[in-house]
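A closer look at the structure
Each chain, letter by letter, is given below.
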Amino acid sequence: MFHKEGHKIIGITILLFVVINLLSYYFIDTLWIQQAILAVSIILAILVLQFFRNPKRAVVTNDNQVVAPVDGKVVVIEEVFEKEYFKDKRLQVSIFMSPINVHVTRHPVSGKVAYSKYHPGKYLVAWHPKSSEENERTTVVVDNKIAGKILYRQIAGAMAKRIVNYAEEGQEVVQGSDSGFIKFGSRVDVLLPIGTKVDVKLNQKVKGGLSILAKV
């Protein structure tokens, strides 16, 4: 199953590779060159397909838990001052996504979207300390009846050139459901209330919609 954000790119990629290989068949007489072009085309097509994959996840919703919004590796667990929405200290958990990870963003909690805003910006590497404030990003806050307001922020990286965010203010969302997509490597920050019990460790790999980041 592939994410809808990839349908157009997948179609164009496959068409382009078919045309290239047909041209190589008619205009190149050397067999090994034809085979090399075919092999490279297949490898690149597989990479595009795996990037836009959207595996089904059997998410069990739980208002006492905050789940990982994306697949990737936990790279930050620290207290920070959140300047945009809360304007106070929060506990930040950041997940870095490599190009081989599933890039679907999922809602970490159920509730009503209290805030959703897109910010144009730079494309610093996703692990850069200033990427949370200076890179292209979207900030979403979901108000959950038990966990309270949970903020998560999609952040573009050096390779990510487009962030897709489906969350709209006033919308009721379900934990683990599709909230957006980031094209190519990037990261997502989750901002939790100070004192929240975090259930992950640095460098731990997590899966969006399934791995528990914290209990409230």
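Residues numbered from 1 in each chain as written. Predicted model: local features only at pLDDT ≥ 70, side-chain atom pairs only at ≥ 80, totals over all residues. Heavy atoms only, no water.

An unreviewed UniProt entry annotates the protein chain as Phosphatidylserine decarboxylase family protein of Haloflavibacter putidus.

When helices and strands are counted, the protein chain shows three helices and 14 strands. Residues classed as buried in the protein chain amount to 46% of the 216 residues present. Accessible area of the protein chain: about 11,100 Å², with a carbon and sulfur share of 62%. (Helix = DSSP H or I, 4+ residues; strand = E, 2+ residues; numbered from the N terminus. Buried < 20%, exposed > 50% of the residue type's maximum accessible area, 1.4 Å probe, protein only. Areas by Shrake-Rupley, 256 points an atom, 1.4 Å probe, with all protein chains shown as cover.)

Pairing is antiparallel across the open sheet formed by eight strands, whose spatial order is E9-E5-E6-E7-E11-E3-E2-E13. Each edge of the open sheet carries a strand with a single partner, namely strand E9 (172-173) and strand E13 (205-206). Pairing geometry for strand E2 (residues 72-82) and strand E3 (residues 88-97), over nine bridges, is antiparallel. Considered in E3, the bridge of Val74 is made with Ile95. (Pairing = 2+ DSSP bridges.)

Let us now look at the confidence of the model for the protein chain. Averaged over every residue, the pLDDT of the protein chain is 88; the share at 70 or more is 90%. Within the protein chain, helix H3 (residues 131-134) has the poorest average pLDDT of any element, 62, and E13 the best, 97. (pLDDT = per-residue confidence, 0-100.)

Bringing the UniProt feature "transmembrane region" (unreviewed entry) in the protein chain into the picture now. Taking the numbering used here, the UniProt-annotated feature "transmembrane region" (unreviewed entry) corresponds to residues 9-27 and 33-52. In the segment residues 9-27, helix accounts for 100% and strand for 0%; the C-alpha atoms at its two ends are 27 Å apart. Here residues 33-52 runs as 95% helix and 0% strand, with 29 Å between its end C-alpha atoms. (UniProt positions renumbered as here; feature names shortened; annotations may be inferred.)

Bringing the pairing of strand E7 (residues 148-156) into the picture now. Each regular strand shows side chains that alternate between the opposite faces of the sheet. In terms of residue burial, E7 counts as a mostly covered element, since seven of its nine residues are buried. Judged from the eight bridges that link them, strand E6 (residues 137-144) and E7 form a sheet pairing that is antiparallel. Residue pairing across strands places Thr139 opposite Arg153, the latter belonging to E7. The turn joining E6 and E7, which pair antiparallel and follow one another in sequence, is formed by three residues.

To continue, consider the pattern of salt bridges. Side-chain pairs of opposite charge can arise whenever the charged atoms involved come near each other. All told, the structure shown has eight salt bridges when counted by the stated rule. Taking the shortest distance from any N to any O, the salt bridge between Asp71 and Arg57 comes out at 2.9 Å. Taken together, the positions of Asp71 in the loop between strand E1 (65-67) and E2 and Arg57 in the loop between helix H2 (31-51) and E1 put the pair 14 residues apart, joining distant regions of the chain. In this pair, the class of Asp71 matches that of Arg57, namely buried. A salt bridge links Glu84 to Arg153; its shortest N-O distance comes to 3.2 Å. Residue Glu84 is found in the loop between E2 and E3, and its partner Arg153 is found in strand E7; the two are separated by 69 residues along the sequence. Arg153 matches Glu84 in its accessibility class, with the two residues each being buried. The network of salt bridges with common partners includes Glu82, Glu84 and Arg153. (Salt bridge = Lys/Arg side-chain N within 4 Å of Asp/Glu carboxyl O.)

What follows deals with H2. Compared with the 30 Å implied by 1.5 Å per residue over 21 residues, the 31 Å span of H2 between its first and last C-alpha is a close match. Restricting attention to buried positions, one finds in H2 the residues Gln34, Ser41, Ala45 and Phe51. All buried residues of H2 project into a common sector of 120° when viewed along the axis, lining one side. Among the exposed residues of H2, those oriented more than 90 degrees off its buried face are Leu31, Trp32, Ile43 and Ile46. On its buried face, H2 is in contact with helix H1 (7-27) and strand E10 (178-182). (Expected span 1.5 Å × (residues − 1). Arc of directions from axis to C-beta. Contact = heavy atoms within 4.5 Å.)

Here we take up the pairing of E2. Across two bridges, E2 lies against E13 in antiparallel orientation. Across the sheet, residue Lys73 finds its bridge partner in E13, namely Lys205. The hairpin turn running from E2 into E3, its antiparallel successor, is five residues long, and Lys87 in that turn takes a positive phi close to 55°.

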